[in-house]
Amino acid sequence: MTSATSVQDRIYSRRFQTLALSVACIAAALALIQPNAGPSDVFGIAQGYGLGVTVLVIMWLLLQLIWVLLCGMATAKSNVTSATTPHYRVHFANTRWGDIAVALFSLILTISCFSVFKAVAVGNGGYGFDEMFIAWDRAIFGGNDPWTLTHALLGSAFATKVIDFLYHPAFLPMVLGYIACVSMQGKPALRYTYMASYLVGFLIIGMLMANALHSAGPAYDGTLFGDGTTYAPLREQLAAHNSEAGPFAAVFAQQYLLNLHQTDGIGFGGGISAMPSMHIVLAALWMLAGWHINRVLGMVLTVYTATIWLGSVHLGWHYFVDGLIALLVLGVIWYATGRYFGLYQKV
């Protein structure tokens, strides 16, 4: 007899596959209707990115297989029969291969289309909202630009180097969270919520909202908006720190994105967009998932998300409100998908 839980899991599986494919198709449509983009641009990014994430999924499945085999060997040696000890045949018979295929395909297509759309659409007609977000920041911080506060608190070159390291090289590889959710079997409501929020977040926050609220960010004052005077002190401070303790990944990445933008180049990670902050979205997804696993992990990842938010301002990538809006919208997406997949049960 099929249990009610098993039936419910199949329902959620079908829901996830439908939602994931829908998001991927919408992302593809948004990218491919742009006059300066074509299927070859999407395919070019999808090749490299797709290979990388596919290898990660295979590695994760192999690690699960090794774990299952080790558990089975330990049980055999102890001559103890345990119904809770996973056997590789049972384990992989319970693996939802359809979920893995759809989740992987949807991730590759969505992220590839996001990269193309961000490069050719966001800011294509100029960046018109930076001045408004500067005003919002100053209204929140009593007339001050937030970066002046972070540099007053953490003003040494060494502090900036640590922040740069946390924001760039040590930034948690967020795709690993998605990969883990793709191939694991436990906590289906949390896994489906995470993956759905990841994909929907890139579509709504990273594509639609980024295009509607086109802003470049403090680092591009004087090149993509403004006359260069508003954030000249920040650029000078970062340049001095980079000379003293660099090279900083932020300096390299900001110039790389500017070069791509000025040459109309399309590449993975290309495109310039400050509002809302996808960096904050990805960190916050780990934070939200962490709270559903255990309190300690949730607190650790909350501190981590706050650190990434501070770094986004400190390094000139974002306005403070970029992270604030990202968190608010992601919170709505997470709760809505959580209700849809049973993470938050209806009362």
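Calculation criteria
Residues numbered from 1 in each chain as written. Predicted model: local features only at pLDDT ≥ 70, side-chain atom pairs only at ≥ 80, totals over all residues. Heavy atoms only, no water. Helix = DSSP H or I, 4+ residues; strand = E, 2+ residues; numbered from the N terminus. Rg over C-alpha atoms; globule rule 2.2 N^0.38 Å. Buried < 20%, exposed > 50% of the residue type's maximum accessible area, 1.4 Å probe, protein only. Areas by Shrake-Rupley, 256 points an atom, 1.4 Å probe, with all protein chains shown as cover. Core = buried A, V, L, I, M, F, W, Y, C linked by side-chain atoms within 4.5 Å. Contact = heavy atoms within 4.5 Å. Axes fitted to C-alpha atoms, helices over the stretch in contact; angles between N-to-C directions. Parallel < 35°, antiparallel > 145°, perpendicular 65-115°, else oblique. Left-handed = near helix turned anticlockwise from the far one by under 90°. 1 Å grid on protein atoms, 1.4 Å probe; cavity = no way out; pocket = protein on both sides within 12 Å on 5 of 7 lines; lining within 4 Å. Points joined across faces, edges and corners; volume = space filled by probe spheres on them. Nonpolar A, V, L, I, M, F, W, Y, C, P; charged D, E, K, R; others polar. Expected span 1.5 Å × (residues − 1). Polar contact = N/O pair within 3.5 Å; in protein donor to acceptor, adjacent residues only side chain to side chain. Disulfide = S-S within 2.5 Å.

How should the overall build of the protein be read in this particular structure?
When its secondary structure is counted, the protein shows 14 helices and zero strands. Shown N-terminal to C-terminal, the secondary structure of the protein runs as helices and strands in the order α-α-α-α-α-α-α-α-α-α-α-α-α-α. Relative to a compact globule of 347 residues, whose C-alpha radius of gyration would be 20 Å, the protein shows 22 Å and is just as compact. Taken along the three principal axes of its C-alpha coordinates, the protein extends 70 × 45 × 40 Å. Counting across all 347 residues of the protein, residues that qualify as buried make up 49%. As presented, the protein carries roughly 16,400 Å² of accessible surface, and 68% of it is formed by carbon and sulfur atoms.

Whenever I open this one, the nonpolar core confuses me. Can you help?
Across soluble globular proteins, nonpolar side chains have a tendency to be buried as a group. Counting 97 residues, the largest nonpolar core has Leu107, Tyr178, Tyr198 and Tyr220 as the members making the most contacts within it. A per-element tally of this core places helix α9 (residues 188-212) first, with 15 residues. Ignoring sequence-local partners within four residues, the contact set of Tyr220 consists of Phe225, Ala253, Gln254, Leu257, Leu258, Ile272 and Trp317.

What is the right way to read the packing of helix α4 (residues 97-120) against α9 from this model?
For any two helices packed against each other, one specifies the crossing angle of their axes together with the interaxial distance. At their nearest, the axes of α4 and α9 sit 11 Å apart, and the two run at 15° to each other. What the angle tells us is that α4 and α9 run roughly parallel. When you trace α4 past α9, the crossing you get is left-handed. Contacts from Asp99, Ala103, Ser106, Leu107, Thr110, Ile111, Cys113, Phe114 and Phe117 in α4 reach Tyr192, Met195, Tyr198, Leu199, Phe202, Gly206, Met207 and Asn211 in α9.

Got a minute to help me understand the layout of surface pockets in this structure?
Any empty space left between atoms is shown by rolling a water-sized probe over those atoms. By volume, the largest pocket amounts to about 960 Å³. What lines the largest pocket is a set of 37 residues, and nearest its centre among them are Phe114, Lys118, Gly269, His279 and Leu282. Looking at the second largest pocket, its volume works out to about 360 Å³. As for the second largest pocket, its lining consists of 15 residues, and the residues nearest its centre are Ala180, Cys181, Met184, Leu190 and Ile293. Broken down by element, the lining of the second largest pocket gets its largest block of residues, four residues, from helix α12 (residues 278-293).

How do you make sense of empty space enclosed by the protein when you look at a structure like this?
Counted according to the given criterion, the structure contains two cavities of 30 Å³ or more. The wall of the largest cavity is formed by Asp137, Asp145, Pro146, Trp147, Pro218, Tyr231, Val313, His318, Tyr319 and Phe320. Each residue belonging to the lining of the largest cavity can be placed in one class, and the counts come to seven nonpolar, one polar and two charged. Considering only enclosed or pocket space, the second largest cavity measures out at about 30 Å³ in volume. Forming the walls of the second largest cavity are Asp164, Leu238, Phe248, Ala250, Val251, Gln254 and Leu315.

Which parts of the structure should I look at to understand helix α11 (residues 249-262)?
Three or four residues apart is the spacing at which side chains of an α-helix point the same way, because the helix has 3.6 residues per turn. Taking 1.5 Å of rise per residue, 14 residues should cover 20 Å, and α11 covers 20 Å from first to last C-alpha, within 8% of that figure. For α11, the secondary structure elements touched by its buried residues are α7 (157-167). Within two residues after α11, Asp264 carries a phi angle of roughly 55°, on the positive side.

Can you walk me through the side chain of Thr110 in this structure?
Of note, Thr110 is situated in helix α4. Apart from the residues within four sequence positions on either side, Thr110 is in contact with Val23, Ala24, Ala27, Leu199 and Phe202.

Just to check I follow, could you spell out the packing of helix α5 (residues 130-140) against helix α14 (residues 320-340) for this structure?
The contact between α5 and α14 brings their axes to 8 Å, and the two run at 90°. Judged by the angle between their axes, α5 and α14 are roughly perpendicular. Across the interface between the two elements, Phe133, Trp136, Asp137 and Ile140 from α5 touch Phe320, Val321, Asp322 and Leu324 from α14. The residue makeup of the contact of α5 with α14, split by class, is six nonpolar, no polar and two charged.

Would you mind showing me how to read helix α13 (residues 295-314) here?
Compared with the 28 Å implied by 1.5 Å per residue over 20 residues, the 28 Å span of α13 between its first and last C-alpha is a close match. Of all the positions in α13, only Gly298, Leu301, Tyr304, Thr305, Ile308, Trp309, Gly311, Ser312, Val313 and His314 are classed as buried. Summarising the contacts, the buried residues of α13 are in contact with α6 (146-153), α7, α10 (232-245), α12 and α14. A side-chain oxygen of the first residue of α13 lies 3.1 Å from the backbone nitrogen of Val296; this N-cap is Asn294. One or two residues past the end of α13 sits Gly316, with phi positive at roughly 85°.

Is there a simple way to explain the state of the cysteines in this structure?
The term disulfide refers to a covalent linkage connecting the sulfur atoms of a pair of cysteines. Inspection of the entire model under this criterion finds zero disulfides. No disulfide involves Cys25; its sulfur sits 9.4 Å from the nearest other cysteine sulfur, which is in Cys113.

Interpretation in functional terms is not warranted from these geometric data alone.
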